[in-house]
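# Reading the structure
Each chain, written out:
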Amino acid sequence: MTDLNEIFEYCIKCSICQSVCPVAAYDAGFPGPKILGPDLARLQAAGEAGKNRTAELLPLLGMCSSCLRCETACPFDIPVARLIRRAEQSSRETPPTSLFFQGAFRRLRDKMLAHPEKLGRIGTALAPLANKLMGDSAVQKLLSRALGLEMEQPNNFASWKQCRRFILELSSSDNQRIAQPPAISPGSEQSSYDNRQVDRWAEADHSSEGCSGGSDENNRGDSAENALRTRVVHRVENQSGDGVANRSDKQACNPAVNRLRAHNPKLLYFTGCHVNFYQPEIGTAFLQLLKTLSIKPVIYNSHCCGIPLLSNGDRTGAHRAFLRNIQLLKPYVEHGYQVVCTCPTCGLALKKFYAEELGTEDAEQLAAATYDYAEYLENYICELEGLIRPIERSFIFHLPCHTQAQGIGSANLNLVRLIPGLKLGIVDKCCGQSGTYGYKTEKREVSRGISASLARQIKEQSSRLDTETVLTPCSSCGYRISLECGVRAEHPLLPIWEAAVK
Amino acid sequence: MSYDVVIIGTGLAGLTAALKALEQGLRTIVVSRGASTLEVMSGCIDLYGAAEDPWLGIGALIRENPGHPYALLEEENIYQALSFFIQEVKGICPYHHQEGFQNYRIPTALGQMRTTCLLPQGQVAAADADEHVLVVGFKGYRDFCSALMAEGMNKTGYSWRSIDVDLELIQGLNKSPGEKAGEIAVRNCFYQNSASVGSYQNSIQLAVCLERIWPLLAEELRPQVQDVDKVAFPAILGLDRYLELQQGLEESLGKRVFEVPTLPPSLPGIRLSKCLMNRIRQLGGDLLQHSFVVAAEKTGDICSKVLVKTAGKTREIQGKCYILAAGRMGGKWIALQGEEVADEKPGLLKGSLNGSDFSRRQCPAAFPQQDAELSMAGIKVNKQLQPIDTEGKILLANVFCAGSVLAGYDPFSEGSGGGVAIATGYRAAELAARGLRG
């Protein structure tokens, strides 16, 4: 099932994708994923016969928010959103000629939104000014009128000082910031970056199978595991909170069980634009947590994952960004590094979009080596349980669409649950922001409609648990949640850091 | 991460099994290919629909067909399982039952009567249909025909009426002072983005919309309901706030209101699946969606791990035991190591646990000789719900099967799908816990 031209024939039109699509629920003009995905593909394959209907549907493709709920829900593994994306990319070649000026401004806006990296560099350099300007309601109105950009509560750029702290964090722990591909050829790994990358157990094994971790590797890793465990100083009795079964199962600490875990953790942290330019504290928290676990990561904070380009219609630019990242990451992946993301969308890009868009072996190799931070830390649950101190707080936990699409279930939630004494409520609806989607005037109503139903879920939980903090791994969801519900949104790493490191 | 129990499938059987496993304190993960099958189900749960008294019917069924899944259980097991289910969904997605889990009789969207055992809150007023009922349809919503339902009922001696409401007309979309255009759009069910030529109303969209505008609907209907006993709607009365919505409609109409399940996507099924999944998460269970079990490994008669295809890579999931609740044709059963399932087309019954050492002969029921038997095809199990071969030898000792993956029954003609799913799911989790405790 790889050929996109045949794959849609596996759709049995069960309509499950229609029922999970947040856009279809709030826009009567949106036909829904089934019609725009497999149905449209069938029409296009029919050629002349399907021409009229195809022409009706093509202009609606842009309303898809790429939340990927349709793909997550499809029991037949149809890449519904991918079919929509393909159709949209092929129809984009002929932009509508009407509304020329508005069109030009909207294109300018899309270009802005497509380049968070450039925007971020300028923004952080001028943070005090930029934040003040973006916070001004007159400026917001102007942006909305002129560019069709809805920035009611903009994310604040991190100041230079905050970024500096993050960078200090990077340099203080022998972390390596990479911008250029390291000149590593197999066999010369040790000599080329030994001084920068401390690789404690390197001599034990040089095979690049670290990601999959065979059973023999686990045996060899025993001594390292034991060494690590002796550093675990205090162990807090895990209390069950909010009806959750006691998770301090000794089994999880058995190295034989942790098949995924390499005895020789080679980790590359893909930071992403949000950490680089808006909330470096997430990156700092993650790095400090890794430090406590004696993991020394390589840092990759050089480039954007490229998804904003893709979702703003610059396919060529997106592919360029994808290829650049793949090229830079390839040497690490080949040497058995696990690429870890703290942003669900970056993670999904590396795991799924690169391979889908480029279809190259390199992309697939990278996909297989990519982990969400929570998925990665699952292998250190034993150590974390030892480190984590109880926190008497309540949180509402939001499960973002792009975390769900990664097929990692509630790994994020499970990690937070390690903290004894926490009270958690869970919400799982789409926030409607979808990266840059919610910033666009023409999508505002739909986006707000989707948010409203999540906001209601959050408000119910918020009054039940008496809390004003929502934990969500996705920063763009966090932005929308705090805008809609007036609550604080935090990355789950922050309370984990608070409990384990602070 | 190692689990006590790995449940494959998020149908009614898998979800019930997960809740029972969590209740017993087991570390539980549910692996599913996608959304729950419940999303296309009516939300009614049938125990045994082919007989007036389901319990007498089940007794007769077991005598006639000793291979039936109900024959693997005691009557008491079934009773306990149903009570457990009712208890689990209480408050969030309430279900009702008759004394002793007897059958209800409810009208269908085609105006026929059918039997079922458990009814969701929205459908409970449908039981024992009254003589005078107003069936309300919605203009432009093509999945429910009010006239068809009324006509069907009237053929069997009732006097029902039908009416179609035009939601666009009753919405009163005039701008009130101080209201922005965007806020009107939020009020409007049929908000369309300008590029669209047609309106694509689906059940979910109408359900979400009715949560906002039901008071207008009630106002519109009030003059029409004076001479009827009850009011029937297609099952689209709300997605999250359906309990409020139904109560609100009943209060302002002064009549009891019920929903009639119609074509999928089905709101009653979606509400139930959401309720069960949220509960599983709340209790600390893990749910993997869009994860395809592509292979399993075994040592002797113990399944040691399953390989799950997720975005970008294949994950290994280890459990001490496994509950296989993957359904039938659509479920693509697990295959053993070396067996390629990834290319299998949906809808093809490839076989149950046939792998290197499982052959056609060992799993006879999986390959029926005649098409007529296809509906009974599935995995043969013993009383412990473990898969067995023709000689009765246990094939996998730490695997328990539940739901329609089981051989020997036809959920459609018997009207027994829901009952078997809940009862065997519950039982499988009990047996798994017992096995783990030694």
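Residues numbered from 1 in each chain as written. Chains lettered and ligands numbered in written order. Predicted model: local features only at pLDDT ≥ 70, side-chain atom pairs only at ≥ 80, totals over all residues.

It is worth spelling out the overall build of chain A at this point. Within chain A, the regular secondary structure consists of 28 helices and 9 strands. Expressed as a percentage of the 502 residues in chain A, the buried residues total 52%. Sequence separation of at least 24 residues holds for 77% of the intrachain contacts in chain A that already meet a minimum separation of 6. (Helix = DSSP H or I, 4+ residues; strand = E, 2+ residues; numbered from the N terminus. Buried ≥ 20, exposed ≤ 12 C-beta atoms within 10 Å, placed from the backbone. Contact = placed C-beta atoms within 7 Å.)

Right, let's talk about the sheet that holds strand β6 (residues 394-398) of chain A for a bit. All names here are of chain A. Read across the sheet, 4 strands follow the order β7-β6-β8-β9 without closing on themselves; strand pairing throughout is parallel. At either margin of the open sheet sits one strand with a lone partner, and together these are β7 (423-427) and β9 (488-490). Neighbour to neighbour, the strand axes of the sheet diverge by 30 degrees on average, direction disregarded. The strands touched by helix α27 (residues 475-485) are β6, β8 (469-471) and β9; relative to β9, the strand with the most contacts, the crossing angle is about 165 degrees. (Pairing = 2+ DSSP bridges. Axes fitted to C-alpha atoms, helices over the stretch in contact; angles between N-to-C directions.)

A few words now on the environment of Q404 of chain A. Tracing the backbone shows Q404 of chain A in helix α24 (residues 401-404). For Q404 of chain A and L348 of chain A, which are 56 residues apart along the polypeptide, the C-alpha to C-alpha distance reads 9.8 Å. Beyond its immediate sequence surroundings of up to four residues, Q404 of chain A is in contact with T72 and L399 of chain A together with Q289 of chain B.

Residues and elements named next belong to chain A. If you check the domain split of chain A, you get domain 1 (4-91), domain 2 (100-147), domain 3 (164-382) and domain 4 (389-500). Each side of the interface is counted separately: domain 2 has 9 residues, and domain 3 has 11 residues. When residues of the side of domain 2 that touches domain 3 are traced back to their parent elements, those giving at least two are α8 (100-114) and α9 (116-125). In terms of residue count, α9 provides more of the side of domain 2 that touches domain 3 than any other element does, 5 residues in total. Class assignment of the residues belonging to the side of domain 2 that touches domain 3 gives a composition of 3 nonpolar, 4 polar and 2 charged. (Domains from an automatic or database assignment. Nonpolar A, V, L, I, M, F, W, Y, C, P; charged D, E, K, R; others polar.)

Moving on, we come to the packing of helix α4 (residues 33-45) of chain A against helix α7 (residues 80-91) of chain A. All names here are of chain A. Two elements in contact, α4 and α7, have axes whose closest approach is 8 Å; the angle formed by their N-to-C orientations is 70 degrees. With respect to α7, the axis of α4 lies roughly perpendicular. Seen from above, α4 lies across α7 with left-handed handedness. Contacts between α4 and α7 involve P33, L36, G37, P38, L40 and A41 from the first element and V80, L83, I84 and A87 from the second. Broken down by class, the residue content of the contact of α4 with α7 amounts to 9 nonpolar, 1 polar and no charged. (Parallel < 35°, antiparallel > 145°, perpendicular 65-115°, else oblique. Left-handed = near helix turned anticlockwise from the far one by under 90°.)

For the rest of this paragraph, the subject is the domain arrangement of chain B. Residues and elements named next belong to chain B. If you check the domain split of chain B, you get domain 1 (2-95 + 272-437) and domain 2 (109-191 + 200-260). Taken together, the contact pairs 13 residues of domain 1 with 9 residues of domain 2. Of the residues contributing to the side of domain 1 that touches domain 2, the split by class is 8 nonpolar, 4 polar and 1 charged.

What follows deals with helix α7 (residues 203-221) of chain B. Between its terminal C-alpha atoms α7 of chain B stretches only 20 Å, short of the 27 Å expected from 19 residues at 1.5 Å a residue. Burial in α7 of chain B covers these residues: S203, I204, Q205, L206, A207, V208, C209, L210, E211, L217, A218 and L221 of chain B. (Expected span 1.5 Å × (residues − 1).)

Let us look at the sheet that holds strand β7 (residues 133-138) of chain B. All names here are of chain B. Taken in spatial order, the 4 strands make up an open sheet running β8-β7-β9-β10, and their pairing is parallel. With one partner strand each, in any of the chains shown, β8 (161-165) and β10 (256-260) form the two edges of the open sheet. Across the sheet, the mean angle separating the axes of adjacent strands is 25 degrees when strand polarity is ignored. Against the sheet, helix α4 (residues 146-155) contacts β7, β8 and β10, and its axis sits at roughly 175 degrees relative to β8.

Counting residues in hydrophobic clusters, the biggest one holds 183 residues, and the most contacted among them are L268, V339, V340, L350, Y354 and L366 of chain A. Ranked by the residues each element gives to this core, the list is headed by α7 of chain B, at 9 residues. Core analysis: the second largest hydrophobic core is formed by 79 residues, I8, L47, L288 and C321 of chain B among them. (Core = buried A, V, L, I, M, F, W, Y, C linked by C-beta atoms within 7 Å.)

This next bit is on helix α11 (residues 417-437) of chain B. Residue and element names in this part refer to chain B. End to end, α11 covers 30 Å across 21 residues, agreeing with the expected 30 Å (1.5 Å per residue, within 8%). Counting buried residues along α11, 15 of its 21 residues qualify, which places the element largely inside the surrounding structure. With its phi angle positive at about 80 degrees, G438 sits one or two positions after the end of α11.

Residues and elements named next belong to chain A. Taken as a whole, chain A shows an average pLDDT of 79; of its residues, 78% reach a score of 70 or greater. Confidence drops under pLDDT 50 across residues 179-252; counting only partners more than four residues distant or on other chains, this segment forms 110 contacts. For residues 254-260, every residue scores under 50 in pLDDT, and the model assigns this stretch 15 contacts once sequence neighbours within four places are set aside. (pLDDT = per-residue confidence, 0-100.)

A few words on the pairing of strand β5 (residues 113-116) of chain B. All names here are of chain B. Two strands pair when backbone bridges link them, and strand β4 (residues 104-107) and β5 are joined in this way by 4 bridges, in the antiparallel orientation. Residue pairing for β5: I106 is matched across the bridge by R114. Count of turn residues in the β4/β5 antiparallel hairpin: 5 residues, of which G111 carries a positive phi of about 80 degrees.

Turning our eyes to something else, we now look at unusual backbone geometry. Omega for the bond connecting P264 of chain B with P265 of chain B falls within 30 degrees of zero, at 0 degrees, which places this linkage in the cis form. In this structure, P265 of chain B sits in the loop between β10 and α9 (267-282). Its identity is not glycine, yet S66 of chain A carries a phi of approximately 55 degrees, on the positive side. Tracing the backbone shows S66 of chain A in the loop between α5 (51-57) and α6 (69-73). Note on S66 of chain A: 26 C-beta atoms within 10 Å, which makes it buried. You will see that D466 of chain A, though not glycine, has its phi angle at about 55 degrees, which is positive.

Our next topic: the environment of A126 of chain B. All names here are of chain B. With respect to the helices and strands, A126 occurs in the loop between β6 (119-120) and β7. Under the C-beta neighbour-count criterion, A126 is labelled buried, with 25 such atoms within 10 Å. For A126 and A325, which are 199 residues apart along the polypeptide, the C-alpha to C-alpha distance reads 31 Å. Every residue in contact with A126, bar those within four places of it in the chain, is listed here: I106, P107, F258 and V260.

Residues and elements named next belong to chain A. Running from amino to carboxyl end, helix α17 (residues 280-292) crosses helix α28 (residues 493-500) at an angle of 40 degrees, the nearest separation of the two axes being 9 Å. Classified by the angle their axes make, α17 and α28 are oblique. Helix-helix and strand crossings are classified by hand; for α17 and α28 the assignment is left-handed. Mapping the contact onto sequence places I282, A285, F286, Q288, L289 and T292 in α17 and L493, L494, I496, W497 and A500 in α28.

Along any regular strand, the residues point their side chains to alternate faces of the sheet. Residue and element names in this part refer to chain B. Here strand β1 (residues 2-8) pairs with strand β14 (residues 313-324) via 6 bridges, running parallel. The residue of β14 that forms the bridge with V6 is Y322. Hairpin geometry of strand β13 (residues 302-310) and β14 is characterised by an intervening segment of 2 residues between the two adjacent antiparallel strands and by a positive phi of about 85 degrees at G312. Sheet topology note: the β14/strand β15 (residues 399-401) ladder contains 3 bridges and is parallel. By the bridge assignment, Y322 is partnered in β15 with V399.

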